[in-house]
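Each chain, written out:
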Amino acid sequence: MSVNEEKNKKAMTTETNHTADHRSPDFQHQQAVHQPQAVRTRKVRSDKGKKYGPRKPRKTPSPVPLGIGQVGLPLSGTHGQGHMLVLSAEDVADVLAISDNGKKLYVITRGGGTTVGVSFRDTTCFVWSKYNGKNPLATLERFLASETHGGRVIRHKDGNPFNLTRENLEIEVKAKKSRHPIDWDKAVSERKHRMGFTKQEAA
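Thresholds applied
- Residues numbered from 1 in each chain as written.
- Predicted model: local features only at pLDDT ≥ 70, side-chain atom pairs only at ≥ 80, totals over all residues.
- Heavy atoms only, no water.
- Helix = DSSP H or I, 4+ residues; strand = E, 2+ residues; numbered from the N terminus.
- Buried < 20%, exposed > 50% of the residue type's maximum accessible area, 1.4 Å probe, protein only.
- Contact = heavy atoms within 4.5 Å.
- Areas by Shrake-Rupley, 256 points an atom, 1.4 Å probe, with all protein chains shown as cover.
- Salt bridge = Lys/Arg side-chain N within 4 Å of Asp/Glu carboxyl O.
- Polar contact = N/O pair within 3.5 Å; in protein donor to acceptor, adjacent residues only side chain to side chain.
- Pairing = 2+ DSSP bridges.
- Axes fitted to C-alpha atoms, helices over the stretch in contact; angles between N-to-C directions.
- Phe/Tyr/Trp six-rings, centres within 6.5 Å; stacked < 30°, edge-to-face > 60°.
- Lys NZ or Arg CZ within 6 Å of the ring centre and 35° of its normal.

Within the protein, the regular secondary structure consists of 6 helices and 10 strands. The buried share among the 203 residues of the protein stands at 31%. The long-range fraction of contacts in the protein, counting pairs at least 24 apart against all pairs at least 6 apart in sequence, stands at 37%. Carbon together with sulfur atoms contributes 52% to the accessible area of the protein, which is approximately 14,500 Å² in total.

So, about the pattern of salt bridges. Scanning the model with the defined rule gives 9 salt bridges in all. Residue arginine 166 is joined to aspartate 91 by a salt bridge in which the shortest nitrogen-to-oxygen separation is 2.8 Å. Residue arginine 166 is located in the loop between strand E8 (163-164) and strand E9 (169-173), and its partner aspartate 91 is located in the loop between strand E3 (84-88) and helix H3 (92-98); the two are separated by 75 residues in the primary sequence. On the basis of relative accessibility, which here comes to 0%, the residue aspartate 91 falls in the buried class.

Checked against the element boundaries, serine 178 lands in strand E10 (residues 178-180). Polar side-chain contacts of serine 178 include one of 3.0 Å to the side chain of histidine 180. Dropping the residues within four chain positions of it, serine 178 is found in contact with Ile171, Glu172 and Val173.

Across the sheet, which stays open at both edges, the 3 strands sit in the order E4-E5-E6 with antiparallel pairing between neighbours. Lying at the two open borders of the sheet, with one neighbouring strand each, are strand E4 (105-110) and strand E6 (138-139).

Before going further, it helps to spend a moment on the sheet that holds strand E7 (residues 152-156). With respect to topology, 3 strands assemble into an open sheet ordered E7-E9-E10, the strand pairing being antiparallel. With partners counted over all chains shown, the strands left at the sheet margins are E7 and E10, one partner each. Averaged over all neighbouring strand pairs, the angle between strand axes comes to 35°, with direction disregarded. Across 5 bridges, the pairing between E7 and E9 is antiparallel. The partner of arginine 152 across the bridge, within E9, is valine 173.

Scanning the entire structure with this criterion turns up 1 aromatic pair. The ring of tyrosine 106 has arginine 121 sitting right over it, with the charged end atom 5.0 Å from the ring centre. It is arginine 191 that lies over the ring of phenylalanine 143; its NZ or CZ is 5.5 Å from the centre.

Any functional reading would require information that these geometric values do not contain.
Shown next as C-alpha cells:
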C-alpha cells in the first residue's frame, strides 16, 4: 500500500468516527444540555380577575303557535340563542315535563361545530342515552320517538335539527342503510311508560 493510499484511508476513518460521534445519543445529549432553551411565556387572559357573579337562571320559554298542529319553543343559551324549536302540538306537554318546563333544553354542537342537536337533562336521561355520567344529556329526537336502540338513528327529512315535528322525523337503520317512518302511537305509549317508570325509580 502506497503512502497516499494510507493517508486517504486514515482520513476516511477519522471522518467516519467524527460522524458517528455526532450521531451518538451521548453527543446529542451534551449538545442539548449546553444549548439555551427558549423561554415560553403564557398569554395573559384579557378577563383575568374579572368577577362574573352568580349564573342567571334560565327562563321558561313561552310556547308560540306556528300553524296547524305546530308549536315553537324559543331556545336560549350560547348556541340556542335566536333559534326556535318546532314541535308537533301533541308533543309539547311531554317535552316541557321532561325538561323542567323547557329550562333544561340545550343546543349541543358536535363534530367541531359541523352538526347541531337539541338535548335535555333529566333524571330519565340514562334511559334514552345509556349514559350514567355526572351530567347526563339525551337527545330530544330519541325521547320523542322513544328510541333507545343504538343501531337506529333519528333523521330530519328537511335537514333542520330544530324541526322536531312528527312529519319531519324518521328512523334510519345504520346496518341496512334504510329509513323507515316512526310509529307514533307506539312511540308515545312507550315514552309515557318510560317517563313514569323512571321518575318513580328516581324518587
